[in-house]
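Reading the structure
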Amino acid sequence: MSDQPYFPESKDELTRLEFKTDRASVIDQARWAGLSPGMRVLDVGCGPGITTCALAEAAAPGGRAVGIDRSDVRIAHAKGKYASESVEFSCRNFFDSLEDLGQFDFVWMRFVAEYFLKESGLLIKHVTQSIKPGGILCLADLDHNCMNHHGHSERLEKTFRKITEYQMTNNNFDPYAGRRLPTRMHELGCEDIRVDVRMHHLVYGELSEFNRWNWWQKIELAAKRSGWTFEDYEDGFAGFEREFVEYFNNPQRFVYTPLVIVRGVRPANA
Ligand SMILES: C[S@@+](CC[C@H](N)C(=O)[O-])C[C@H]1O[C@@H](n2cnc3c(N)ncnc32)[C@H](O)[C@@H]1O
């Protein structure tokens, strides 16, 4: 299976992933999905580890969480900052066998399917093997990822579309990962499937420091490194960035991205 070629391994992306994570939202999403005290949890593609820690908190008392990620830098960071009696981390490729980790009551995978346009179905099927029969699978991903804008120019809209198309064709990126998740869960034969849609990005009015930082990082990390040539701008990326910054600083712009969360129970006879 192909790896994600443009996936940013940088320290900046590690910091962004950690800083943007709202622990309370993770706990709320996981509890909505059925995570309860005492459960053993697997966090697939845990990144810097903050979500694994939040999941363990949601499973307290008595619960434990294991975070897995391919990036040794992220796992080293996670071990240093978040490991505890109830939280552990392992550096591994989630496409490989996960059998040695044992079975879990609750398997959580958020913001991962979007990076695997071609393989997400196989990946979801694979991680489902780690759920105890009767256990819960919870998948969460963005839909129409970073594509819902208002108050910008036609050129900017065209460029957003081109970046996205380029990422789909060349970087295995899936901007529609969220909407595919309920179908994936049905394909697996999961029971008691429930779906929720919550707002992940919601930017209106004066730009907050958090959104300024997060979106400037996104532009640097995702748009610039996407490989797209920004051909509609005389000076390429610099011109796009200038126009984007002007649009984004305007309190009249409006941006949103929905997060689709799906949970289902692995059938007892699976
Ligand atoms: C966007 S982050 C998601 C972080 C976290 N799940 C969250 O909700 O914030 C995706 C993570 O998947 C990891 N990843 C990508 N391919 C992987 C693979 N084949 N095996 C294990 N982890 C992988 C990346 O290293 C990255 O940390």
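One can find the structure itself at the top, above this paragraph.
Presented here is a report on the structure given in the accompanying data block. In this text, all values refer to a predicted model and were calculated from it rather than measured experimentally. (Residues numbered from 1 in each chain as written. Predicted model: local features only at pLDDT ≥ 70, side-chain atom pairs only at ≥ 80, totals over all residues. Heavy atoms only, no water.)

This brings us to the overall build of the protein chain. Helices and strands together make up the secondary structure of the protein chain, namely nine helices and eight strands. Against the compact-globule benchmark of 18 Å for 270 residues, the protein chain has a radius of gyration of 19 Å, which places it among compact chains. If you line up the protein chain on its principal axes, its C-alpha atoms span 60 × 35 × 30 Å. Counting over 270 residues, the protein chain shows a buried share of 53%. The long-range fraction of contacts in the protein chain, counting pairs at least 24 apart against all pairs at least 6 apart in sequence, stands at 79%. In the structure as shown, the protein chain presents an accessible area of about 12200 Å², 50% of it carried by carbon and sulfur atoms. Here the protein chain contributes 33 positively and 39 negatively charged side chains, and the mean placements of these two sets differ by 2 Å. (Helix = DSSP H or I, 4+ residues; strand = E, 2+ residues; numbered from the N terminus. Rg over C-alpha atoms; globule rule 2.2 N^0.38 Å. Buried < 20%, exposed > 50% of the residue type's maximum accessible area, 1.4 Å probe, protein only. Contact = heavy atoms within 4.5 Å. Areas by Shrake-Rupley, 256 points an atom, 1.4 Å probe, with all protein chains shown as cover. Lys, Arg positive; Asp, Glu negative; His and termini not counted. Charge placed at Lys NZ, Arg CZ, Asp CG, Glu CD.)

Let's shift gears to the layout of surface pockets. Of the voids in this model, the second largest pocket is the one considered here, and its volume is about 160 Å³. In terms of lining, the second largest pocket is formed by twelve residues, of which the most central are Lys125, Thr128, Gln129, Glu187 and Leu188. For the lining of the second largest pocket, the secondary structure elements donating two or more residues are helix H5 (120–128) and helix H7 (177–187). Sort the elements by how many residues they give to the lining of the second largest pocket and H5 lands first, with five residues. Of the residues that constitute the lining of the second largest pocket, the class distribution is five nonpolar, three polar and four charged. (1 Å grid on protein atoms, 1.4 Å probe; cavity = no way out; pocket = protein on both sides within 12 Å on 5 of 7 lines; lining within 4 Å. Points joined across faces, edges and corners; volume = space filled by probe spheres on them. Nonpolar A, V, L, I, M, F, W, Y, C, P; charged D, E, K, R; others polar.)

This part covers the pattern of salt bridges. Per the stated rule, a full pass over the model turns up 19 salt bridges. Residues Asp196 and Arg198 are paired through a salt bridge, measuring 2.8 Å at the closest nitrogen-oxygen approach. Each of Asp28, Asp196 and Arg198 takes part in salt bridges that share partners, so that together they form one network. (Salt bridge = Lys/Arg side-chain N within 4 Å of Asp/Glu carboxyl O.)

Let us look at the packing of helix H2 (residues 23–33) against helix H3 (residues 50–58). Between H2 and H3, the least distance of the axes is 9 Å, while the angle of their chain directions is 50°. One finds that H2 runs oblique with respect to H3. Seen along the crossing, H2 lies across H3 with a hand that is right-handed. Along its contact with H2, which presents Arg23, Val26, Ile27, Ala30 and Arg31, the element H3 presents Ile50, Thr51, Cys53, Ala54, Leu55, Glu57 and Ala58. Here the contact of H2 with H3 is composed, by residue class, of eight nonpolar, one polar and three charged. (Axes fitted to C-alpha atoms, helices over the stretch in contact; angles between N-to-C directions. Parallel < 35°, antiparallel > 145°, perpendicular 65-115°, else oblique. Left-handed = near helix turned anticlockwise from the far one by under 90°.)

Glancing now at the site of the ligand. Around the ligand, 17 residues are found, and the nearest of them are Gly45, Asp69, Asn93, Phe94 and Arg110. At 2.9 Å from a nitrogen atom of the ligand is found a main-chain nitrogen or oxygen belonging to Phe94. In the model, an oxygen atom of the ligand is placed 2.8 Å from a nitrogen or oxygen of the Arg110 side chain. Burial of the ligand by the protein chains amounts to 99% of its free accessible area of 600 Å². Across the shell around the ligand, the residue classes tally to seven nonpolar, five polar and five charged. (Near = heavy atom within 4 Å. Polar contact = N/O pair within 3.5 Å; in protein donor to acceptor, adjacent residues only side chain to side chain.)

Across the interface, helix H1 (residues 11–20) lies against helix H8 (residues 209–223) with an axial gap of 11 Å and an inter-helix angle of 145°. For H1 against H8, the interelement crossing comes out left-handed. Within the contact between the two elements, H1 uses Asp12, Glu13, Thr15, Arg16, Phe19 and Lys20 and H8 uses Phe210, Trp213, Asn214, Gln217, Lys218 and Leu221. Residue classes in the contact of H1 with H8 are distributed as four nonpolar, three polar and five charged.

What follows covers a nonpolar patch on the surface. Residues Met199, Leu202, Tyr204, Phe254 and Tyr256 make up a contiguous nonpolar surface patch of about 490 Å² in total accessible area. Among the elements of the structure, strand E7 (191–203) and strand E8 (254–265) are those that each provide at least two residues to the nonpolar patch. Here Tyr204 shows up in the loop between E7 and H8. (Patch = residues over 30% accessible without salt bridge, like charges linked within 9 Å, V, L, I, M, F, W, Y side chains within 5 Å.)

Going through the model one piece at a time under the given rule, you end up with 20 aromatic pairs. Taken together, a centroid distance of 6.3 Å and an interplanar angle of 85° make the contact between Phe160 and Phe240 edge-to-face. Pair noted here: Phe160 is in helix H6 (residues 154–171) and Phe240 is in helix H9 (residues 237–249), with a separation of 80 residues, a long-range link. For Phe160, a relative accessible area of 9% corresponds to the buried category. Relative to Trp213, the ring of Phe210 lies with its centre 6.4 Å away and its plane at 40°, an arrangement referred to as tilted. Here Trp213 and Phe210 lie together in helix H8, a separation of three residues that amounts to about one turn. (Phe/Tyr/Trp six-rings, centres within 6.5 Å; stacked < 30°, edge-to-face > 60°.)

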